[in-house]
Amino acid sequence: MTHALLQGPLVSNGYTLSTAPDRLGRLEPSDPHAPVSALREQYRAQGYLWLRGILNRDDVLAFRGRYFAALAETGLLAPGSDPVEGIYSGGGERQDLIRRAQHEIVRWAAYEAFCLAPAIWQFYEAFFGSPVYLHKRKLIRHVRPGDTNSTGAHYDLVYLRGGTDTVCTSWIPLGDTPVAMGGLIYLENSHRYGRQMEADFAARNADLPPEERMSAFNKNMGEVGWLTKDLPALADKIDSRWLIADYEAGDMVVHGAYTIHAATDNVTPDGRLRLSTDIRYQDVRAEIDARWSNHWSLDDML
Ligand SMILES: O=C(O)CCC(=O)C(=O)O
């Protein structure tokens, strides 16, 4: 696969990210084979780990091919193209068929097996120092080139308040995902700020009935649980940098429940769809958010 280099500005939901060195930086890579004590320390300091090459590249690419092959009848892919490339048709795809296929894909044994790759659960088992639980609710998403809707700034505990705040998210690029394809970006050192924000929300949510209190969609929360779509303003507000990365198939980033992250638009000129999955792991003995015990569906309100 080729790497499309970034040729223009980085944009998210219509907001252009500043390229000033105090507003934009690069993710720090980690060696998945480093001693676990060093990885824990790096995670504690940074709020994330970018584990380069933790997964077998060929397995990841095979899964990318399998996903797009399953969408072959939807009109998403350029006619005659190889599913593993994931080249966008340019329009006219059937959203109803895509949704139906995605509901099926999150139930595939092959997807479950991918999420349970020994490299992943063994990493977490060492990292947590305990047996590991994988949440049943798992998300897989493709992003079309030219789509101007990207994930807004948020931290994950907003959606997982019914369980432990030591839960970790694995974001796995399913295919090479250079910056131009709009991979996940992190707000540097934001896990401390996220913790503070959650304490503020908890105070404001205190009078709500229990179910509403933990909802990402209650009256005190922003649009779909996001803090904002205006990524540059948030970086200014907390005087921080958005961290970007050229991800490769085989990489996995791990982030904590308070680490603020978002995504940028897929502006790759080569027409490739960004594909990724985001899935959650935790210590099996810690509190589990029961709302995540079902497969993802469009209307699950989480
Ligand atoms: O892939 C994305 O655009 C968002 C993923 C995300 O928010 C997460 O991994 O928690």
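The structure we're discussing is the one just above.
Predicted model, so just to flag it, every value in this text is computed and none were measured. (Residues numbered from 1 in each chain as written. Predicted model: local features only at pLDDT ≥ 70, side-chain atom pairs only at ≥ 80, totals over all residues. Heavy atoms only, no water.)

Examining the environment of Tyr111
Now for step 1: Relative to the elements of secondary structure, Tyr111 occurs in helix H4 (residues 109-115).
Now for step 2: In the structure, Tyr111 is positioned 165 residues away from Ser276 in sequence and 12 Å away in space, judged by C-alpha atoms.
Now for step 3: Those residues in contact with Tyr111, other than ones at most four positions away along the chain, are Phe63, Ile105, Val106, Lys138, Leu139, Ile140, Thr277 and Ile279. (Helix = DSSP H or I, 4+ residues; strand = E, 2+ residues; numbered from the N terminus. Contact = heavy atoms within 4.5 Å.)

Structural notes on helix H6 (residues 190-205)
Now for step 1: Taking 1.5 Å of rise per residue, 16 residues should cover 22 Å, and H6 covers 22 Å from first to last C-alpha, within 8% of that figure.
Now for step 2: Residues of H6 that are buried include every one of Ser190, His191, Tyr193, Gly194, Met197, Glu198, Phe201 and Asn205, and no others. Viewed end-on, H6 has its buried residues packed into an arc of 150 degrees, placing them on one side of the element. Every exposed residue of H6 that faces more than 90 degrees away from the buried side is listed here: Gln196 and Ala203.
Now for step 3: At its buried positions, H6 is contacted by helix H1 (36-46), strand E9 (184-187), helix H7 (210-213) and helix H8 (231-237). (Expected span 1.5 Å × (residues − 1). Buried < 20%, exposed > 50% of the residue type's maximum accessible area, 1.4 Å probe, protein only. Arc of directions from axis to C-beta.)

Notes on the layout of surface pockets
Now for step 1: In this structure, the largest pocket occupies an estimated 1300 Å³ of space.
Now for step 2: Taken together, 42 residues make up the lining of the largest pocket; nearest its centre are Leu139, Arg141, Thr151, Trp226 and Trp296.
Now for step 3: Every element with two or more residues in the lining of the largest pocket is listed here: helix H3 (95-105), strand E7 (139-143), strand E8 (168-173), strand E12 (261-263) and strand E13 (274-283).
Now for step 4: If one sorts the elements of the lining of the largest pocket by residue count, E7 sits on top with five residues.
Now for step 5: When its volume is computed, the second largest pocket comes out at roughly 350 Å³.
Now for step 6: Lining the second largest pocket we find 16 residues, and of these Tyr43, Arg44, Asp165, Arg195 and Gly256 sit closest to its centre. (1 Å grid on protein atoms, 1.4 Å probe; cavity = no way out; pocket = protein on both sides within 12 Å on 5 of 7 lines; lining within 4 Å. Points joined across faces, edges and corners; volume = space filled by probe spheres on them.)

Side note on the site of the ligand
Now for step 1: Taken together, 14 residues form the shell around the ligand, and within it Thr151, Trp171, His261, Arg274 and Arg280 come nearest.
Now for step 2: Between the ligand and the protein, one listed contact pairs an oxygen atom with a side-chain N or O atom of His255 at 3.4 Å.
Now for step 3: Protein coverage of the free-state accessible area of the ligand, which is 290 Å², stands at 98%.
Now for step 4: If you map the ligand onto the pockets, it falls in the largest pocket.
Now for step 5: Every element with two or more residues in the shell around the ligand is listed here: E8, E12 and E13.
Now for step 6: Grouping the constituent residues of the shell around the ligand by class yields three nonpolar, six polar and five charged. (Near = heavy atom within 4 Å. Polar contact = N/O pair within 3.5 Å; in protein donor to acceptor, adjacent residues only side chain to side chain. Areas by Shrake-Rupley, 256 points an atom, 1.4 Å probe, with all protein chains shown as cover. Sits in = over half its atoms within 2 Å of the grid points. Nonpolar A, V, L, I, M, F, W, Y, C, P; charged D, E, K, R; others polar.)

This is a description of form; function is not addressed.
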